[in-house]
Protein chains: 2
Amino acid sequence: MKNKDLFRQESGSGGPLYLRVYSHYKDLISSGQLPAGARLPSIRRCAQELEVSRTTVEAAYAQLAAEGYAVARPQSGFYAARLDYNPENAGLLPKPHSIPKKPPLRFDFASASVDAESFDFALWRRYIKSALRADQRLLSYGEPQGEPDLRAAICGYVAQSRNVVCSPEQIVIGAGVQSLLHILCALLGNRSSAGFWNNSFAQGQAVLEDHGFSIRHYRQAADDFSALERDGVRLLYLSPSHMDAMGSVMPVSQRLRLLEVARRAGCLVVEDDYDSEFRYFTHPVPSLQGLDGGRSVLYMATFSKLLLPSLRLSFMVLPSSLMDAYKQRGGLYNQTASKAEQIALCQFIRDGHLAAQIRKARKLYMGKSRALCEAAGLAFGPQAQAEVCASGLMVRLTLSGGEPALALQQKAQQAGIAVRVESAGDGNASLLLASTGVPADSFREAMRALQAAICGTPEAP
Amino acid sequence: MKNKDLFRQESGSGGPLYLRVYSHYKDLISSGQLPAGARLPSIRRCAQELEVSRTTVEAAYAQLAAEGYAVARPQSGFYAARLDYNPENAGLLPKPHSIPKKPPLRFDFASASVDAESFDFALWRRYIKSALRADQRLLSYGEPQGEPDLRAAICGYVAQSRNVVCSPEQIVIGAGVQSLLHILCALLGNRSSAGFWNNSFAQGQAVLEDHGFSIRHYRQAADDFSALERDGVRLLYLSPSHMDAMGSVMPVSQRLRLLEVARRAGCLVVEDDYDSEFRYFTHPVPSLQGLDGGRSVLYMATFSKLLLPSLRLSFMVLPSSLMDAYKQRGGLYNQTASKAEQIALCQFIRDGHLAAQIRKARKLYMGKSRALCEAAGLAFGPQAQAEVCASGLMVRLTLSGGEPALALQQKAQQAGIAVRVESAGDGNASLLLASTGVPADSFREAMRALQAAICGTPEAP
């Protein structure tokens, strides 16, 4: 087939004309039909042959030369380049991996989602909209550490609400706690052994493992802090204000003992202050960082829980001992959080909306947990005991039948109800029901369905 | 001083009354004035003494007990807890570390910012606003891998614009390339040796070092790919379509040779497709990943450069060889990118705005670089030679005076002009001027000032 006919046949598919000329010669060179060293037709001859303009051919040849399919020799023309390897596999699509979808749930009491009612979307939209007007700020990369005005606003907020002792220079912002742990690991010279108290935050364990820490697990009931010294733990991760799913708090005598041991052992304590703003019976417990004066405790918190899970905005407060390391190496780690969301959140905090939002959510969650507890009591009667847990975010439903926790969870799942479970010491099992993910007006129906699934009573229509 | 008077004196500062009662007793217990085991006054007596309601005292005692300052004994009352350690240091503010500020610049030709004119903020605001109406989607955490609809949109876009061969299952979204490299490191078993070709992306080197890779540097001019086999490099990081500041492209013969060596050596090639959509003279060069058929190349790209630097949205296309590892471990790594921005970007791509935005930016940048080149030619005359580089984002100004590159950079800096520099082999030095960070109507003034600073001619008024 003649060059021109081949070109016409190939180039039915559209696109700029010069790219079609380029593709035509690229294929000829790749396939070896134009062997290495062969001269391409002159620009004039090619233009005549393919019935295109000379400018088109010039652009096509320039592209071939830019990518290395052809070599331009001054005063001579273009020559096919030597390609030692045949790109025969280009264009092969790998088989798509199918990801199995979970069946849809009727009631989700297991997830950590935030209640739709708790968040004022219209208000937040106004702040984002206003942040997006800061055109000039959005055109540049932000400070690796996070926007200075947001760090100042956070500093004021945590001092007031969580007794955290710090200055804005100590605050590092990031998209999620994992992003911040990556930076922390880079600041720590010694990466021997990291402890997790009460199995807190599995995703944090993954990050520390990736950075070469060996992970040790400690349990509040079984272990004493002296184990940290014995095991040479250099970093201890815990949530002293939210020790388990129920929201237990580490008492102050233990907190003080922990600080003493940590200082002696040179162990950095990472306080993940997760969900600590929510307490059912009492006021939030002040941070461990404040009790320590910010010396051996690194404070870590996230706005995903306080505002919106989809908002990836967390921060850590570095202890003064890590400030020099951060000044040296911190600039290497680009900021991960959206700058527009940082600008919006800063003004949101300044205008007092964060505190107001937390008060509102707290009230809503406590009310919902109370209602869920009542609904469970009504549905199960004497078959189970329901109580609101200390954080107020969860209802514990303890069944007296002696059935294993996993069997209960599976029965619930078959009825389309997701729950978390817990085994008690006495052989009984408990369901842990988060009240946030289900609307309050479905509680009665959901609890009747759960009772029917677990106790085998047919569900009332 | 009597209990009541002390309380009155302390509690001038406001806050809920029960918290003032709580603080009062907390201080008494912490300081040892109420020693361990001492009984707190009964609720009735305390209420009388401090002239507050019994409910207030109950709340205060409950808070003390929750935090462990007091212990409740049924039918008996509240007792001060044993605190072995005196929290004397609480409240000490560490000295703020002052971060030196850089002097303000007159003209910034060094930064990688995006041109204000290039981006349609009003349009982007509309997409964000619409994304923020997806209330239900924003109330839950997103998929760790990134929103499925955005992954599908990206898949279509890169197939069309960059010849990338993939399915949405292979795409992982994250807030910046560093976030994605953390995940990649977690998927790689063997973390021996990583190579950076032409010193690409220092921030990537930091992440790989943190994960235990030893870093090796290779230079296009000096090294051959066989060095990868010799050195046992398991991961090679490079930007084949943007090999240096000027935007040089790796020719296809080398690309094919690299793929051959990488497959034989079991080396994963990470293609950072940074700025590759911008070419001054030619069409963008198709991706290495496509040439490879997606087998041993991991494709990596970011929207920070294409849209807004403040938008933290990047993605990688996993090669099929890493899909099993990702399915096993990927779920441990929470998504770092903002969900609202993911939703907005998805619709933005679907509506064709990404492609349009790139066309617009390309045209603008190429025009600005041309104008900057002309302005430099006018100001320097025969003292320097100006040319637009291959990517079209930068102008290279080569001075013939034989002055060292760093001296030139310092002279420019003293005149308030930031530039990047490069030493040529012949002893002459070049300034690299990015045209994006300075408005076009300042080019003449800026080039006159630069000429005066470097060649010592007084700047014309």
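Shown above is the structure to which this text applies.
The structure presented is a predicted model; accordingly, all values stated were derived computationally and were not measured. Every residue gets a number counted from 1 within its own chain, in the order that chain's sequence is written. Whichever chain is written first becomes A and whichever ligand is written first becomes 1, with later ones labelled in order. Totals for whole chains, interfaces and linings use all residues, but because this is a predicted model, local features are given only for residues with pLDDT of at least 70 and pairs of side-chain atoms are given and counted only at 80 or more. In computing side-chain properties, one takes all heavy atoms of the structure into account and sets aside hydrogens as well as water.

1. Digging into unusual backbone geometry
Okay, step 1: With a phi close to 60°, Asn163(A) is a non-glycine residue in the positive phi region.
Okay, step 2: Under the DSSP-based scheme used, a helix requires at least four consecutive residues in state H or I and a strand at least two consecutive residues in state E, with every element numbered from the N terminus. For Asn163(A), the position within the fold is in the loop between helix H7 (148-162) and strand E4 (171-174).
Okay, step 3: Phi is positive for Glu51(B), which is not a glycine, with a value near 55°.

2. So, the sheet that holds strand E15 (residues 429-434) of chain A
Residue and element names in this part refer to chain A.
Okay, step 1: Taking strand neighbours across the sheet as the criterion, the four strands line up as E11-E12-E15-E14 in an open arrangement whose pairing is antiparallel. Looking at which strands have only one partner, the edges of the open sheet turn out to be strand E11 (384-388) and strand E14 (420-423). Within the sheet, the average angular offset between the axes of one strand and its neighbour, ignoring direction, is 25°.
Okay, step 2: Strands are treated as partners if at least two bridges between them are detected by DSSP. Across six bridges, strand E12 (residues 394-399) lies against E15 in antiparallel orientation. What sits directly across from Leu399, in E15, is Ala429.
Okay, step 3: The criterion used for residue contact is that any of the two residues' heavy atoms lie within 4.5 Å. Each axis is a line fitted through C-alpha atoms, and for a helix only the stretch in contact is used; angles between axes span 0 to 180 degrees, taken between their N-to-C directions. The strands touched by helix H17 (residues 405-414) within the sheet are E12, E14 and E15, with E14 carrying the most contacts at an inclination of about 160°.
Okay, step 4: The sheet contacts of helix H18 (residues 443-455) involve E12 and E15, and relative to E15 the element is tilted by about 155°.

3. Topic: the relation of the copies chain B and chain A
Okay, step 1: In this comparison the copies share one frame, found by least squares on the C-alpha atoms of residues holding pLDDT of at least 70 in both. Placing chain B over chain A gives an RMSD of 0.1 Å and needs a rotation angle of 180°, together with 0.0 Å of translation along the axis. What the superposition gives is, in effect, a two-fold axis relating one chain to the other. Closest to the rotation axis within chain B is the C-alpha of His211(B), separated from it by 2.6 Å.
Okay, step 2: Comparing interface residues between copies, 100% of those in chain B also sit at the interface in chain A, which points to an isologous, same-surface contact.

4. So, the pattern of salt bridges
Okay, step 1: Salt bridges are identified by distance alone: a Lys or Arg side-chain nitrogen within 4 Å of an Asp or Glu carboxyl oxygen. Here the structure, examined in full by the defined rule, presents 34 salt bridges over all chains.
Okay, step 2: Residue Arg151(A) is joined to Glu143(A) by a salt bridge in which the shortest nitrogen-to-oxygen separation is 3.1 Å.
Okay, step 3: Measuring nitrogen to oxygen at the nearest pair gives 2.9 Å for the salt bridge that ties Arg137(B) to Glu147(B). Of this pair, Arg137(B) sits in helix H6 (residues 135-138) while Glu147(B) sits in the loop between H6 and helix H7 (148-162), placing them 10 residues apart in sequence.
Okay, step 4: Classification of Glu147(B) by relative accessible area gives buried; the value is 5%. Accessibility here uses a 1.4 Å probe with only protein chains present; expressed as a share of the type maximum, an area under 20% marks a residue as buried, one over 50% as exposed, and anything in between as partly exposed.

5. Side note on the state of the cysteines
Residue and element names in this part refer to chain A.
Okay, step 1: Two cysteine sulfur atoms form a disulfide, by the criterion used here, when they sit within 2.5 Å. Within this structure, the stated rule accounts for zero disulfides over all chains.
Okay, step 2: For Cys346, which is in no disulfide, the shortest distance to another cysteine sulfur is to Cys155 and amounts to 12 Å.
Okay, step 3: Residue Cys455 stays outside any disulfide, its sulfur separated by 16 Å from that of Cys373, the closest cysteine.
Okay, step 4: Under the relative-accessibility criterion, Cys455 is labelled partly exposed at 29%.

6. Quick notes on the packing of aromatic side chains
Okay, step 1: Here the aromatic set is Phe, Tyr and Trp, taking the six-membered ring for Trp, and pairing holds for ring centres within 6.5 Å; pairs whose planes are under 30 degrees apart are stacked, those over 60 apart are edge-to-face, and all others are tilted. Scanning all chains against the criterion turns up 24 aromatic pairs over all chains.
Okay, step 2: When the ring of Tyr127(B) is compared with that of Phe348(B), the centres are 5.4 Å apart and the planes differ by 85°; the resulting orientation is edge-to-face. Here Tyr127(B), found in helix H5 (residues 121-131), pairs with Phe348(B), found in helix H15 (residues 339-350); they are 221 residues apart in sequence, far enough to count as distant. Here Tyr127(B) matches Phe348(B) in class, with each residue buried.
Okay, step 3: Put simply, the rings of Phe119(A), Phe121(A), Trp124(A), Tyr127(A) and Phe348(A) touch in pairs and so form one group of aromatic residues.
Okay, step 4: In this scheme, the term charge over a ring applies when either NZ of a lysine or CZ of an arginine sits within 6 Å of the ring centre and within 35 degrees of the ring normal. Seen from the ring of Tyr79(A), Arg73(A) lies directly overhead, with NZ or CZ sitting 4.0 Å from the centre.

7. Notes on the nonpolar core
Okay, step 1: Buried residues of nine kinds, namely Ala, Val, Leu, Ile, Met, Phe, Trp, Tyr and Cys, make up a nonpolar core once their side-chain atoms join them within 4.5 Å. Counting 150 residues, the largest nonpolar core has Phe109(A), Trp124(A), Phe303(A), Leu450(A), Phe109(B), Phe303(B) and Leu450(B) as the members making the most contacts within it.
Okay, step 2: With near-sequence residues (within four places) excluded, Phe109(A) lies in contact with Leu372(A), Ile417(A), Ala418(A), Val419(A), Leu432(A), Leu433(A), Ala434(A), Val438(A), Phe443(A), Ala446(A) and Met447(A).
Okay, step 3: One finds Ala227(A), Val252(A), Leu6(B) and Ile29(B) within the second-largest nonpolar core, a separate group that totals 46 residues.

As far as function goes, none of this settles anything; it's purely spatial.
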